[in-house]
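# Close look at the chain arrangement
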Amino acid sequence: MSAFWAIYLREALIMKHRLLRQLGGMCVSPLLYTVTFGCALGGAVTIGDKSYLDFLIPGLVAMASMTQSFSIAGEINVARFYFHAFEEFQAAPISRLSFVMGESLAGLTRALVAICIVLALGFLFGARPHVGIYFIVAVLLNGWAFACLAVAMAMIVKSHADQSLLTSFIITPMAFLGGTFFPLDGLPAWARSILQVLPLSHASKAIRADAFGESPELWPFLALAGAGIVFFVLAVSAVSRARD
Amino acid sequence: MILIDNLRKSYGHTLALDNLSLKVAPGELFAFLGPNGAGKSTTIRVLNGLSFMDSGEAYIAGVNIAQDPLKAKRLCGMVAQSANLDKELTVWENLDIHGRLYGLSRSERRASAEEFLAYVEMSDRADHFVKTLSGGLQRRLMIARALIHRPTLLFLDEPTVGLDAAIRRRVWSLVKKVNQKGVTIFLTTHYIEEAEFLADRVAFIHEGKLVREGTPRELMDSLGAWAVDWYEDGTSRADFFPDRESATASIQSGRGGGVLRRVNLEDAFLSLTGHKVLQ
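Residues numbered from 1 in each chain as written. Chains lettered and ligands numbered in written order. Predicted model: local features only at pLDDT ≥ 70, side-chain atom pairs only at ≥ 80, totals over all residues. Heavy atoms only, no water.

## A short note on the interface of chain B and chain A
- Across the contact, 30 residues belong to chain B and 25 residues belong to chain A.
- A combined buried area of about 2700 Å² lies between chain B and chain A, and 55% of that area is made up of carbon and sulfur atoms.
- Of the charged contacts in the structure, one is a salt bridge between Arg18(A) and Glu88(B), with a shortest N-O distance of 2.7 Å.
- Put simply, chain B and chain A have seven residue pairs in polar contact (both at pLDDT 80 or more) between them.
- Looking at the side of chain B that touches chain A, the elements with two or more residues in it are strand 1 (2–11), helix 1 (40–48), helix 2 (69–74) and helix 3 (91–101) of chain B.
- Among the elements that line the side of chain B that touches chain A, the one with the most residues is helix 3 of chain B, at six residues.
- Here the residues of the side of chain B that touches chain A sort into twelve nonpolar, seven polar and eleven charged. (Contact = heavy atoms within 4.5 Å. Buried area = accessible area lost by both parts, 1.4 Å probe. Salt bridge = Lys/Arg side-chain N within 4 Å of Asp/Glu carboxyl O. Polar contact = N/O pair within 3.5 Å; in protein donor to acceptor, adjacent residues only side chain to side chain. Helix = DSSP H or I, 4+ residues; strand = E, 2+ residues; numbered from the N terminus. Nonpolar A, V, L, I, M, F, W, Y, C, P; charged D, E, K, R; others polar.)

Following this line, the structure appears as structure tokens:
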């Protein structure tokens, strides 16, 4: 327990020391998407009986919880490849489980800060999503799943450049294709069946349902929880691979 | 304190440790001397759990490191070759996080951090960010951090590499002080004078194999007490003599150009391996 908390606290302290810069960085993408897609391009667009901004904000919440929790991979890589601080954890009497729990909770914390920013920006531009228990649970599951994936990837890659490639090939496409900016229902069946498998699609669906005041289906939550468990197990086993 | 039996480790097709066996006694200041790439750091990495071993066994204070790695790690402190501090945290935060990783209580962390910051003469730097510290101060902080949980064995992997001569001397004094408190020290270095000054016992490692071990005096005395360096036709060689008189006589009877000096560990290493430690 102490080791898990030490890992988390280290990341939290780093975040605290960089808080202003980090908050600034977290604002840029959601602000651009809200202004360009939500207000300018989507100002005259409605999806069902909702404005495009009301549709977009829950998607941005899902996307931000994914990207910010996954960004913990970058922090682990800097600690591992540049500062060699990861060796301190490897030499310490801590379990792999403690390491993964601490780092994934740190990723989740970033995600929660990021979605507060998205919601605040949405509120500023006129969006009023309902934030209920299902909304929060979906955000937590999504953030945790991608934080665990981030830890796994950070342990498997051999360089910081590899990590950037993974982000380019996995996270960026998912951010655009996971139901963030457009409803998947309008796509051809074959495309929809592929994209619906993505964890972010489940997160968008669950978060958006609660944001619209509807009762979400159960299976997106089960899918996110399943993905989280798989990524968590992958991360725990990958920690050993970081040894040479 | 350390028992290594037939340790073997390879990276791909490169054999880093070739059936290495050695013992380090409790309270000893043991130096592992060899050129870059000889296998010194690999030995420390395996003993600390940073690298897997291919085969063999290793024990720390009787604890098998493969069977009970967490228990073995609790007994050890580690000062890595590269400055692996958290640069974005303060000095105090670095020590506090380390204490938490080793399961120290709040009061233990506070008492230990205060004690060891004073020990390395950095009490006034507690609130400084590590990224603002010089290389020498970072090295001292790494030693303080490694001692926070009061290990019985301290690994020092090239602790003075990259430091200037004055700071290196200061680190040596600190290492001696730690050893005098009863902490066993396993030191790797490729600095001859570091091993000569610090170590109770030295082992030579070359291409992953243990070449010879003994006290610095034993290793040097196996060649003699005095050496004469000759520089002829662009090459150098050294002759060894049991006393100063015979060495001086050799210079006087030669064609000139001989330089008299004391035998050092480099000579012993060179005579055993055909290679210099500093290549």
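## A look at the packing of helix 3 (residues 52–70) of chain A against helix 7 (residues 133–156) of chain A
Residues and elements named next belong to chain A.
- For the pair helix 3 and helix 7, the least separation of the axes is 7 Å and the interaxial angle reads 30°. For the element pair helix 3 / helix 7, the angle class is roughly parallel. The two elements helix 3 and helix 7 meet at a crossing, and its hand is right-handed. Contact residues: helix 3 offers Val61, Ala62, Ser65, Met66, Ser69 and Phe70, while helix 7 offers Phe135, Val139, Asn142, Gly143, Phe146, Ala147, Leu149, Ala150 and Met153.
- Looking at side-chain class alone, the contact of helix 3 with helix 7 contains eleven nonpolar, four polar and no charged residues. (Axes fitted to C-alpha atoms, helices over the stretch in contact; angles between N-to-C directions. Parallel < 35°, antiparallel > 145°, perpendicular 65-115°, else oblique. Left-handed = near helix turned anticlockwise from the far one by under 90°.)

## Focus on the sheet that holds strand 1 of chain B
All names here are of chain B.
- The sheet built from four strands is open, its strands ordered 2-1-4-5 with antiparallel pairing. Strand pairing shows two members of the sheet lacking a second neighbour, strand 2 (14–24) and strand 5 (63–64), which therefore form its edges.
- Sheet topology places strand 1 next to strand 4 (residues 55–60); five bridges connect them, and they run antiparallel. Across the sheet, residue isoleucine 4 finds its bridge partner in strand 4, namely alanine 58.
- Against the sheet, helix 1 engages strand 1, strand 2 and strand 4, with an angle of about 110° to strand 1. (Pairing = 2+ DSSP bridges.)

## Things to note about the packing of helix 7 of chain A against helix 10 (residues 199–211) of chain A
Residue and element names in this part refer to chain A.
- Across the interface, helix 7 lies against helix 10 with an axial gap of 8 Å and an inter-helix angle of 165°. With respect to helix 10, the element helix 7 is oriented roughly antiparallel. Crossing hand, helix 7 versus helix 10: left-handed. For the pair helix 7 and helix 10, contact is made by Ile133, Tyr134, Phe135, Ala138, Val139, Asn142 and Phe146 and by Pro199, Leu200, Ala203, Ala206, Ile207, Asp210 and Ala211, respectively.
- Classifying every residue of the contact of helix 7 with helix 10 gives twelve nonpolar, one polar and one charged.

## What about the nonpolar core?
All names here are of chain B.
- One finds Leu141, Leu154, Phe155, Phe186, Val202 and Leu265 to be the most contacted residues of the largest nonpolar core, which totals 77 residues.
- Per-element tally for this core: the top contributor is helix 5 (residues 135–147), with seven residues.
- If we skip the residues at most four places from it in the chain, phenylalanine 186 touches Ile2, Leu22, Val24, Phe30, Phe32, Thr43, Ile44, Leu153, Leu154, Phe155 and Leu156. (Core = buried A, V, L, I, M, F, W, Y, C linked by side-chain atoms within 4.5 Å. Buried < 20%, exposed > 50% of the residue type's maximum accessible area, 1.4 Å probe, protein only.)

## Describing helix 3 of chain A
- Under the 1.5 Å per step criterion, the end-to-end length of helix 3 of chain A is 27 Å for 19 residues, consistent within 8% with the ideal 27 Å.
- Across the 19 residues that make up helix 3 of chain A, a large majority, 17, are buried. (Expected span 1.5 Å × (residues − 1).)

## A look at the sheet that holds strand 10 (residues 209–214) of chain B
All names here are of chain B.
- The sheet built from six strands is open, its strands ordered 6-7-8-3-9-10 with mixed pairing. The outermost strands of the open sheet, each flanked by one partner alone, are strand 6 (76–79) and strand 10. Put simply, the sheet's adjacent strands are angled 15° from each other on average, direction ignored.
- Direction of pairing for strand 3 (residues 29–33) relative to strand 9 (residues 201–206): parallel, over a ladder of four bridges. Bridge pairing in strand 9 places phenylalanine 30 opposite arginine 201.
- Contacting strand 6 and strand 7 (153–157), helix 5 crosses the sheet at an angle of about 170° to strand 6.

## A look at the environment of Ile207(A)
Residue and element names in this part refer to chain A.
- Here isoleucine 207 is to be found in helix 10.
- Remark: the alpha-carbon pair of isoleucine 207 and glycine 59, spanning 148 residues in sequence, is separated by 7.7 Å.
- Not counting residues up to four positions away in its chain, the partners in contact with isoleucine 207 are Pro58, Val61, Ala62, Phe135, Ala138 and Val139.

## Description of the packing of aromatic side chains
- The final tally for this structure, using the stated rule, is 19 aromatic pairs over all chains.
- When the ring of Phe116(B) is compared with that of Tyr119(B), the centres are 5.8 Å apart and the planes differ by 80°; the resulting orientation is edge-to-face. Pair noted here: Phe116(B) and Tyr119(B) are both in helix 4 (residues 106–119), with a separation of three residues, about one helical turn. Like Tyr119(B), Phe116(B) is buried.
- Aromatic ring contacts, followed pair by pair, group Tyr33(A), Phe37(A), Phe176(A) and Phe181(A) into a single cluster.
- Geometry around Tyr119(B) places Lys177(B) over its ring, the cationic atom sitting 4.4 Å from the centre.
- Over the ring of Trp226(B) we find Arg262(B), and its NZ or CZ is 4.6 Å from the ring centre. (Phe/Tyr/Trp six-rings, centres within 6.5 Å; stacked < 30°, edge-to-face > 60°. Lys NZ or Arg CZ within 6 Å of the ring centre and 35° of its normal.)

## Topic: unusual backbone geometry
Residues and elements named next belong to chain B.
- Here the phi dihedral of alanine 61 falls at roughly 50°; this positive angle occurs in a residue that is not glycine.
- Among the secondary structure elements, alanine 61 is positioned in the loop between strand 4 and strand 5.
- The class of alanine 61 is partly exposed, set by a relative accessible area of 43%.
- In this structure, glutamate 207 takes a positive phi of about 50° despite not being glycine.
- Topologically, glutamate 207 is positioned in the loop between strand 9 and strand 10.

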